[in-house]
Protein chains: 2
Amino acid sequence: MIELEQLIHLIAFDEYETLSKAAEQLHISQPVLTRSMQKLEEELEVPLFYRTKNRIHFNETGLLAVKHAKRIVSDAKDMKKQLIEFDRKLHTFSIGSCAPAPLQYLGQKVSQSYPQKTILTEIRDMNVLITGLKEKTYTMIIMPYSIEDEQIESISFMKENLFFSLPKSHPFIHKKAISLKEMDGERMLLMSNIGFWHQMHKEKMPNTKFLIQNDRSVFYDLVELSTLPSFTSDYVMKTEQMPQNRVIIPIEDEAAHATFYCWYLKENEVTLKSLLYQL
Amino acid sequence: MIELEQLIHLIAFDEYETLSKAAEQLHISQPVLTRSMQKLEEELEVPLFYRTKNRIHFNETGLLAVKHAKRIVSDAKDMKKQLIEFDRKLHTFSIGSCAPAPLQYLGQKVSQSYPQKTILTEIRDMNVLITGLKEKTYTMIIMPYSIEDEQIESISFMKENLFFSLPKSHPFIHKKAISLKEMDGERMLLMSNIGFWHQMHKEKMPNTKFLIQNDRSVFYDLVELSTLPSFTSDYVMKTEQMPQNRVIIPIEDEAAHATFYCWYLKENEVTLKSLLYQL
DNA sequence: TGTGCTTACGCTGCTCGTAACAATG
DNA sequence: CATTGTTACGAGCAGCGTAAGCACA
């Protein structure tokens, strides 16, 4: 059987035009190349070169052989790449989410249920998530509504309710609840990367100027030191310390109350059983 | 780089299910297979097997690896086959003809012009010839009419005229010429494998019973020893000895006079120059 | 106890690089 | 005489098979 190494030599000779140069590029001695090509011809049982005493170049069969060789060698390299990628996916639990809170929660649960797996989490637009789930980029996605179709199953696993976080100087601090519309028109602090909540804010509060913060600690500093209103949620309040100088007021709108669902492919139900049991 | 041999081992293990059986089939010792598979895993940088102390079988990645391996190995084997076939075609001058006489003539010319080439000659139906020329099964074909299109060029190179060969007892022996129609209705001796002439005979002499002979020497014996009419041609008479007891009469019909043309692909014009010059 | 995989070990022979040689321009 | 390809030669080690070890049914 021919060897891949011989094919690599062949391709190098095609590229560098003389055996000497090819040998140099391959970091082998030139006689090795001579023999390698001789042996390849023997094994293929066809001549691949025209030879004169100190010059060698491809004949037509040789040129055809190069084409085959390139394909085979690239296939072999592809094989390695694809297997590594496949193996990586086997050991990765990939979660895509429409919002940060349920992602954080689910991430914890997954790392408990599958301690040997790498966990990969992302916040993305909902249409991207659905495509990704079907294409198996994601093992599981988190969505704010449920589904049940031929491929996909879903279960609810947490709720999140938004609140206004107002400075004590704010005129609304004595209200029992406030609507988004009532608050619209001010300037507000807002974290970036909050998934579908961001879209909701833009829609329901079109006249508000959101001062978007990428850095979590900067955001909290500003909440503490400024009189700008901001949002918070019951999940955030459970997991993070609240500043003292703020009044928390419920939001009336339906849109500020989300129920989150895990979506997963039915074909993965068995593998996911232990996790689903936890939720 | 992985080796094709390792992939062959992998495929054998897939087929025979235990290393021992695969090793036996491959005519190698079993430890060689153990090491070969270990090394393959190392080089691919992924585990391919589940192992217990005395049992080994594929994991999911391994099954995928087998698929890749099968493709690569079969490609490598294909490479050899295709190169051999390509090389063979390079050294073969293949002629297809509609009739035997011009084929014999052209065959001689070709073997003079390309003494290093293998010459392959066939008599086939004309539509088969044309397809074969386009598909490069034939280097050149011989047809009874000319052509000139985008791909194909043709030149005339010989004529052949048929004659009746009659026993001296035949009533027509004093005629200057006879038509096919006049002779129709008798029994006649005919060689097989005479290409398009056969079709012509059947069309122009529908009431004649042709006694077809496969063996050339039997045909000549019958011509000599029987009183059955037969055909001959100016080309045949030039190259073969004529029996004494026969009278040769020209045939009137156009259909009994053929001009033969070499057809070849324009792209081959350069390669064929020395031959074309001879014709 | 037989089957199957892995590891240990020693030997063979393959393949490497160096060197010498031949041809070419 | 610099460049290139082929052949000769000796050394090193890669990979082979045998044998021993270990687990399992």
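Everything in this summary refers to the structure shown in the same document. (Residues numbered from 1 in each chain as written. Chains lettered and ligands numbered in written order. Predicted model: local features only at pLDDT ≥ 70, side-chain atom pairs only at ≥ 80, totals over all residues.)

1. Focus: helix 5 (residues 100-113) of chain A
Thinking step 1. If you check helix 5 of chain A, its first and last C-alpha atoms are 20 Å apart, about what 14 residues at 1.5 Å a residue would give, namely 20 Å.
Thinking step 2. For helix 5 of chain A, the full list of buried residues reads Pro100, Ala101, Pro102, Leu103, Tyr105, Leu106 and Val110 of chain A. (Helix = DSSP H or I, 4+ residues; strand = E, 2+ residues; numbered from the N terminus. Expected span 1.5 Å × (residues − 1). Buried ≥ 20, exposed ≤ 12 C-beta atoms within 10 Å, placed from the backbone.)

2. A closer look at the protein's contact with DNA strand D
Thinking step 1. Looking at DNA strand D, there are 18 residues lining it, with Leu19, Pro31 and Asn54 of chain A together with Ser29 and Lys53 of chain B nearest.
Thinking step 2. Broken down by secondary-structure element, the contributors of at least two residues to the surface near DNA strand D are helix 2 (19-26), helix 3 (30-44) and strand 2 (55-58) of chain A together with helix 3 (30-44) of chain B. (Near = placed C-beta within 6 Å.)

3. Some remarks on the interface of chain B and chain A
Thinking step 1. Of the residues lining the interface, 25 residues belong to chain B; the matching set on chain A comes to 25 residues.
Thinking step 2. Elements that contribute at least two residues to the side of chain B that touches chain A include exactly helix 1 (4-16) and helix 4 (60-90) of chain B.
Thinking step 3. The element that contributes the greatest number of residues to the side of chain B that touches chain A is helix 4 of chain B, accounting for 16 residues.
Thinking step 4. Residue classes in the side of chain B that touches chain A are distributed as 15 nonpolar, 2 polar and 8 charged. (Contact = placed C-beta atoms within 7 Å. Nonpolar A, V, L, I, M, F, W, Y, C, P; charged D, E, K, R; others polar.)

4. Describing the nonpolar core
Thinking step 1. One finds Phe13 and Ile72 of chain A together with Phe13 and Ile72 of chain B to be the most contacted residues of the largest nonpolar core, which totals 41 residues.
Thinking step 2. Of all the secondary structure elements, the ones that give two or more residues to this core are helix 1 (4-16), helix 2, helix 3 and helix 4 (60-90) of chain A together with helix 1, helix 2 (19-26), helix 3 and helix 4 of chain B.
Thinking step 3. Those residues in contact with Phe13 of chain A that sit more than four places away from it in its chain are Leu19, Ala22, Leu33 and Met37 of chain A. (Core = buried A, V, L, I, M, F, W, Y, C linked by C-beta atoms within 7 Å.)

5. Here's the deal with the protein's contact with DNA strand C
Thinking step 1. Around DNA strand C, the structure places 19 residues, and the nearest of them are Lys53 of chain A together with Leu19, Pro31, Thr34 and Asn54 of chain B.
Thinking step 2. Contributions of two or more residues to the surface near DNA strand C are made by helix 3 of chain A together with helix 2, helix 3 and strand 2 (55-58) of chain B.
Thinking step 3. Residues belonging to the surface near DNA strand C are distributed by class as follows: 6 nonpolar, 8 polar and 5 charged.

6. Focus: the relation of the copies chain B and chain A
Thinking step 1. Once chain B has been moved 0.2 Å along the axis and rotated by 179°, it coincides with chain A to within an RMSD of 0.2 Å. One copy is carried onto the other by what is essentially a two-fold rotation axis.
Thinking step 2. A shared binding surface is used by both copies, with 100% of the interface residues of chain B retained as interface residues in chain A. (Least-squares fit on C-alpha atoms with pLDDT ≥ 70 in both.)

Shape is all these values report; function is a separate question.
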